[in-house]
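Below are the chains, spelled out letter by letter.
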Amino acid sequence: MTESDRSSFGSRFGVIVAMVGSAVGLGNIWRFPYMVGENGGAAFILIYLAFSFLISLPVFCAEFVIGRRGRSNAVGAFRKLAPGSKWYLGGFLSIIAVFLILSFYSVVGGWGIKYLVDSVALKFSAGAAGTDFGASFAAFSTGKVAPLVYMLIFVLVTAAVVVLGVQKGIERFSKWMMPLLFVLILVLVVRSAFLPGAGAGYSYLFRPDFSKITSETLIAALGQSFFSMSLGMGAIIIYGSYVKRSDNILNHSLITVSLDTVFALLAACAIMPAVFSFGVQPNQGPGLVFVTLPYIFTNMPLGSLVAVFFFISLLLAAVSSAISLVEVMVSFLIEECRCSRKLAVGISIATQAIFGTLCSLSLMPDSPLKVGGLTLFDLFDKISSDYVLTIGALLIVLFVGWKIKKANFMDEMTSGGTIRIPKWIALVIFWIIKVVAPLAILTILIFS
Ligand code: PHE
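This text gives an overview of the structure that appears in the document. What you see is a predicted model, and the numbers here were worked out from it, not measured in a lab.

## Focus on the overall build of the protein
Helix and strand counts for the protein come out as 18 helices and 2 strands. Here the protein has a C-alpha radius of gyration of 21 Å; the compact-globule value for 448 residues is 22 Å, and the two agree. Once the C-alpha set of the protein is aligned to its principal axes, its extents read approximately 65 × 45 × 45 Å. Within the protein, the proportion of its 448 residues that are buried is 60%. Long-range contacts, defined here as pairs at least 24 residues apart, represent 84% of the contacts in the protein between residues at least 6 apart. As presented, the protein carries roughly 16400 Å² of accessible surface, and 70% of it is formed by carbon and sulfur atoms. Averaging the locations of the 31 positively and 20 negatively charged side chains of the protein gives two centres separated by 7 Å.

As structure tokens, then:
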């Protein structure tokens, strides 16, 4: 593919929308609250914030630089920027990450569809108050058939968007859902704030207990930050490769990282007060949000309506994130294996469906699909963020810091000197990429 036939985003706004669309998704609304709950609350959040701006933001810039300079998929970009070296092998890690993430992501996307259907069927109306939503979630998610059907619907919807191609599919799609989702989460934050006993939720969220921090907390926070910002597996390389040379990398990175953080924090502020108010276990894992939200909906005016719109916008956010995962695999298959776009999407659908099925079935009570006591679902969820993405991010910063070198990095950050950004900022980011981030990531990996 030459540079001119590589499709590119129609506008600068389109780029930002697509990147934020990739970043904001189930990672913010489903995974962040449950990670906060599993890792003891406020202390985890503080570490998460520090990592997001000190490490993830520079990693974001680094991945962006590789993408725009390499103008290719993850494997191809490494090959083009470091011809004759073995760096491109690192790109294959991204394909592993895509497999792992899409498997459980599609299952959770399916859960979202089921909850949308339930909202439309008025199962979260005021009349349903008193239902044990924990039990109903458990019954559904550990089932044999229903979760698979919903998962498949999610897979097919995502694939349909990818078949439509980059510009049309992604841009048009992502533009509308973000503001809607934002407003709806705000509504939930406000409702949660007035629930009886909400105060306990706030002290959990904002009063740090540093004795709860272990090396596990550190890797969980770092992995969550990479996961939430779509880093460490080539998604931003792909999106960066579609971006025009005149676009401001720092600006786009900062906007994406900041908005992603805001969404995650708001989701936690909507969920945690309700968790404490309704006596839900904060550390119960991946079901947390699905158990807690129905309690909020059934206890608010127009709850059914809010629920419908909430799950629609959540699903749009999930699909626009999943698209970027699928796109990593599809552009690899097209550019490295010379598949047609249709065939590439077909392969992606098949693998997603198969591994998604395994993940979902692993949640059944007597499922043999367990490794060392962890269900495949939990295993994929954990190792993809904690290890695959962190190692991927490590390779990315090492590559940009030591292989691409400073002059080329500065050239990309300033778009060949045409963009005026304070030089010291670009330098600080470069040194974080070259020295601080690799050391920090490596230390955390070793101690975990
Ligand atoms: N960032 C997405 C989310 O928060 C998930 C994702 C991870 C997307 C990695 C692409 C790459 O839901």
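## Observations regarding the packing of aromatic side chains
All told, the structure shown has 37 aromatic pairs when counted by the stated rule. For the ring pair phenylalanine 137 and phenylalanine 290, a centre distance of 5.8 Å and an interplane angle of 15° mean the geometry is stacked. With phenylalanine 137 in helix α6 (residues 133-141) and phenylalanine 290 in helix α13 (residues 288-298), this pair connects stretches of sequence that are 153 residues apart. The exposure class assigned to phenylalanine 137 is buried, which follows from its relative accessible area of 7%. Its end group placed over the ring of phenylalanine 227, arginine 31 keeps NZ or CZ at 5.2 Å from the ring centre.

## Some words on the packing of helix α5 (residues 88-120) against helix α14 (residues 303-337)
Where α5 contacts α14, the axes come no closer than 9 Å and their chain directions differ by 160°. As the angle between them shows, α5 and α14 are arranged roughly antiparallel. Pair α5 / α14 crosses with left-handed handedness. For the contact of α5 with α14, a count of residues per class yields 22 nonpolar, 5 polar and no charged.

## As for the nonpolar core
Burial of nonpolar side chains together is a common tendency in soluble globular proteins. With 162 residues, the main nonpolar core has Trp111, Phe297 and Phe310 as its most contacted residues. The leading source of residues in this core is α14, at 20 residues. Those residues in contact with phenylalanine 310, other than ones at most four positions away along the chain, are Ile29, Leu181, Leu184, Ile185, Leu188, Leu293 and Phe297.

How each quantity is defined
- Residues numbered from 1 in each chain as written.
- Predicted model: local features only at pLDDT ≥ 70, side-chain atom pairs only at ≥ 80, totals over all residues.
- Heavy atoms only, no water.
- Helix = DSSP H or I, 4+ residues; strand = E, 2+ residues; numbered from the N terminus.
- Rg over C-alpha atoms; globule rule 2.2 N^0.38 Å.
- Buried < 20%, exposed > 50% of the residue type's maximum accessible area, 1.4 Å probe, protein only.
- Contact = heavy atoms within 4.5 Å.
- Areas by Shrake-Rupley, 256 points an atom, 1.4 Å probe, with all protein chains shown as cover.
- Lys, Arg positive; Asp, Glu negative; His and termini not counted.
- Charge placed at Lys NZ, Arg CZ, Asp CG, Glu CD.
- Phe/Tyr/Trp six-rings, centres within 6.5 Å; stacked < 30°, edge-to-face > 60°.
- Lys NZ or Arg CZ within 6 Å of the ring centre and 35° of its normal.
- Axes fitted to C-alpha atoms, helices over the stretch in contact; angles between N-to-C directions.
- Parallel < 35°, antiparallel > 145°, perpendicular 65-115°, else oblique.
- Left-handed = near helix turned anticlockwise from the far one by under 90°.
- Nonpolar A, V, L, I, M, F, W, Y, C, P; charged D, E, K, R; others polar.
- Core = buried A, V, L, I, M, F, W, Y, C linked by side-chain atoms within 4.5 Å.

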